[in-house]
Amino acid sequence: MTLTNSATVVFYLLFFTLIILFSYLGFYKKNKVCAVLAILLPILVAAFRYNVGTDYAAYSEMYNQVSHESMNSIHSRFATGASEPLVLIIIVLFKNILFGHWLFFAFFAFITTVFLYLAFKKFDEKKVWLLYSGAMLILFPLSFNAMRQIAAISVITFVLMNIIFDKKKRYWHYLLFTVLAISIHYSTILFLPVLLVPLIAMKTNYKRLSFFIMLALGVALVILPPLMSLVIDAGILPEKYSNTFEQYEPAAISFDLLIIGIIAAMVFITRRHFNSYPKETNRIIMTMMSCAVFYAGLGLFSAYIGRMADFFWPINIITLWLIIDRMKDKSQTKAAIFLIIPILYFIASYIIMGNSQIIPYQIML
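All figures in this text were calculated on a predicted structure; none of them were measured in a lab. One numbering rule holds for all chains: residues counted from 1, following each sequence as written. This being a predicted model, a pLDDT of at least 70 is required before a residue's local features are given, and a value of 80 or more before pairs of side-chain atoms are given or counted; all residues contribute to the totals for chains, interfaces and linings. Only hydrogens and water are set aside; all other atoms, that is, all heavy atoms of the structure, feed into the side-chain values.

1. Comments concerning the overall build of the protein
Reasoning step 1: Counting from the N terminus, the helices are DSSP H or I runs at least four residues long and the strands are E runs at least two residues long. Check the secondary structure of the protein and you find 16 helices and zero strands.
Reasoning step 2: Burial status across the protein gives 54% buried among its 365 residues.
Reasoning step 3: Here, residues are in contact when the closest pair of their heavy atoms is within 4.5 Å. Taking all contacts inside the protein whose residues are at least 6 apart in sequence as the whole, residues at least 24 apart take part in 76%.
Reasoning step 4: Here the accessible surface of atoms and residues is derived via Shrake-Rupley with a 1.4 Å probe, and residues count as covered only by protein chains that are part of the display. For the protein, the accessible surface area stands at approximately 16900 Å², while carbon and sulfur atoms represent 68% of it. Burial status follows relative accessibility: with a 1.4 Å probe on protein chains alone, a residue under 20% of its type maximum counts as buried, one over 50% as exposed, and anything between as partly exposed.

Written out as structure tokens, the structure reads:
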């Protein structure tokens, strides 16, 4: 069944409204039924979609191919790095189960929703409903076009939040979930250096940290583009790493640059913590965002590498809240402003610009 474009927009807006409602009642008011529904609803929408998202056909083809391959062929896929191990394991487990195709898509949606919730809960248990809602407004539609990558992003964000906020550093715990993220999408490997950033930021004084942020900005926006041009012209990078800017998402870069611009201004405006969160938290998030711009700068000349900036979307969402929390308005006003921005982003990105294949929504029955 295919919804019309107008009906699809209404469907998504209703979906977002229910997510916000269930998240508020479930995560903030502690209603267990609503908490389950807040997690379950995105999984159902992802699992029952048909031909929605740019990667849907590719994932369906992969599922059908692997389902009919021998174990030797599957082992060869793993050995050559053609497919991530967890993807192959899930297909093998589900291929003989009724509705296994649905469960395949549901599994990665489950990973996305659960680990985003756990990551935001680690950051701020009282505001987890707000951050989770914002993530569903921005990241969930994006997951239709990058299912495995968004799932990996959710897991690695959970690891990152634990590194920052765990009083006792459980390195084996971090390693286990990092391996899980890599087994979902190999691109996680390029993100691994960023996991060291919180450890460095927590031990760096404010002046040095400010210098690091501005240095990352300068490298990403001034030095990196001409340097990448020389590398690409020299033919050093493989072809798939040398795609042009037109193949990368300008919206993602614009959003990163906007956020880091605001944060950089705050670095010079005040040396005090600028909201209700500890100073150390703000410093770490500022540093993380400077890394986001660096990765986005790579994306100016290499779409494949530049997609690593997508790993910072949860940090973007947290940063947006840190900025809004600086306002002196009531908490209800802050929450409304925070949620309006992702809704406007969705409308601009998917309805006005139409930069993905999530419209119209089709249901697999």
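2. Observations concerning a nonpolar patch on the surface
Reasoning step 1: A patch is a set of surface residues, each over 30% in relative accessible area and not in a salt bridge, joined within 9 Å for like charges and within 5 Å for the nonpolar side chains Val, Leu, Ile, Met, Phe, Trp and Tyr. Salt bridge, as used here, is a side-chain nitrogen of Lys or Arg placed within 4 Å of a carboxyl oxygen of Asp or Glu. A cluster of nonpolar residues, Val-33, Val-36, Leu-37, Leu-40 and Leu-44, forms a patch on the protein surface that exposes about 400 Å² of accessible area.
Reasoning step 2: With respect to the helices, strands and loops of the structure, Leu-40 is situated in helix α2 (residues 32-47).

3. Brief notes about the packing of helix α1 (residues 5-28) against helix α7 (residues 128-143)
Reasoning step 1: To get an axis, fit a line to the C-alpha atoms, keeping to the stretch in contact for a helix; angles then go from 0 to 180 degrees between the N-to-C directions. Packing of α1 against α7 leaves a shortest axis separation of 8 Å and a crossing angle of 155 degrees. By the angle between their directions, the pair α1 and α7 is classed as roughly antiparallel. Handedness of the crossing formed by α1 with α7: right-handed. From α1, Phe-15, Phe-16, Ile-19, Ile-20, Ser-23, Tyr-24, Phe-27 and Tyr-28 reach across to α7, where they touch Val-128, Trp-129, Tyr-132, Ser-133, Met-136, Leu-137, Phe-140 and Pro-141. By definition in this entry, angles of less than 35 degrees are roughly parallel, angles greater than 145 are roughly antiparallel, angles of 65 to 115 are roughly perpendicular, and the rest are oblique. Two helices crossing with the near one rotated counterclockwise from the far one by less than a right angle form a left-handed crossing, whereas a clockwise rotation gives a right-handed crossing.

4. Let's talk about the nonpolar core
Reasoning step 1: If you look at the biggest cluster of nonpolar residues, it comprises 105 residues, and the most contacted ones within it are Phe-27, Phe-104, Tyr-132, Phe-312 and Phe-338.
Reasoning step 2: With 14 residues, the top contributor of residues to this core is helix α6 (residues 100-123).
Reasoning step 3: Not counting residues up to four positions away in its chain, the partners in contact with Tyr-132 are Ile-19, Ser-23, Phe-27, Ala-38, Ile-39, Pro-42, Thr-113, Tyr-117 and Phe-120. Among the buried residues, those of types Ala, Val, Leu, Ile, Met, Phe, Trp, Tyr and Cys that are joined through side-chain atoms within 4.5 Å form a nonpolar core.

5. Some thoughts on the packing of aromatic side chains
Reasoning step 1: Planes of paired rings set the category: under 30 degrees apart is stacked, over 60 is edge-to-face and the rest tilted, where pairs are Phe, Tyr or Trp rings (Trp by its six-membered ring) whose centres lie within 6.5 Å. Taken as a whole, this structure holds 23 aromatic pairs when the rule is applied.
Reasoning step 2: Between the aromatic rings of Phe-104 and Phe-105, the centroid separation amounts to 5.5 Å while the plane-to-plane angle is 80 degrees, which identifies the pairing as edge-to-face.
Reasoning step 3: Its relative accessible area of 0% is what places Phe-104 among the buried residues.
Reasoning step 4: Aromatic ring contacts, followed pair by pair, group Phe-11, Tyr-12, Phe-15, Phe-16, Phe-140, Phe-144 and Phe-346 into a single cluster.

6. Notes on the pattern of salt bridges
Reasoning step 1: Under the definition given, this model contains four salt bridges.
Reasoning step 2: Where Lys-334 meets Asp-325, a salt bridge forms, and the shortest distance between an N and an O atom there is 3.4 Å.
Reasoning step 3: Residue classification places Lys-334 among the buried positions, given a relative accessible area of 12%.
Reasoning step 4: Bridged by salt links that share partners, the residues Lys-122, Asp-166 and Arg-170 form one connected network.

7. Focus: the side chain of Asn-162
Reasoning step 1: Structurally, the position occupied by Asn-162 is in helix α8 (residues 147-165).
Reasoning step 2: Owing to a relative accessible area of 2%, Asn-162 belongs among the buried residues under this scheme.
Reasoning step 3: Not counting residues within four places of it along the chain, the set of residues in contact with Asn-162 comprises Lys-122, Lys-169, Arg-170, His-173 and Tyr-174.

8. Things to note about helix α3 (residues 56-67)
Reasoning step 1: Here a helix's expected span is defined as the number of its residues, less one, multiplied by 1.5 Å. The terminal C-alpha atoms of α3, which comprises twelve residues, lie 16 Å apart, in line with the 16 Å expected from a rise of 1.5 Å per residue.
Reasoning step 2: Those residues of α3 lying buried are Tyr-56, Tyr-59, Ser-60, Met-62, Tyr-63, Val-66 and Ser-67. Taken down its axis, α3 places every buried residue within 160 degrees of arc, on the same side. Think of the arc as the fan of directions from the helix axis to the C-beta atoms.

9. So, the confidence of the model for the protein
Low pLDDT marks regions whose predicted coordinates should not be analysed in detail.
Reasoning step 1: Taken over all residues, the pLDDT of the protein has a mean of 77, while the share at 70 or more is 71%.
Reasoning step 2: At the level of individual helices and strands, the protein shows its lowest average pLDDT in helix α12 (residues 250-269), which scores 53, and its highest in α2, which scores 93.
Reasoning step 3: Across residues 244-251, where pLDDT falls below 50, the model places 15 contacts with residues more than four positions away in sequence or in other chains. Here pLDDT means the predictor's own confidence in every residue, given as a number from 0 to 100.

10. Digging into the environment of Thr-2
Reasoning step 1: Note that Thr-2 resides in the segment before α1.
Reasoning step 2: For Thr-2, a relative accessible area of 48% puts it in the partly exposed group.
Reasoning step 3: Remark: the alpha-carbon pair of Thr-2 and Tyr-361, spanning 359 residues in sequence, is separated by 6.2 Å.
Reasoning step 4: Not counting residues within four places of it along the chain, the set of residues in contact with Thr-2 comprises Pro-360, Tyr-361 and Gln-362.

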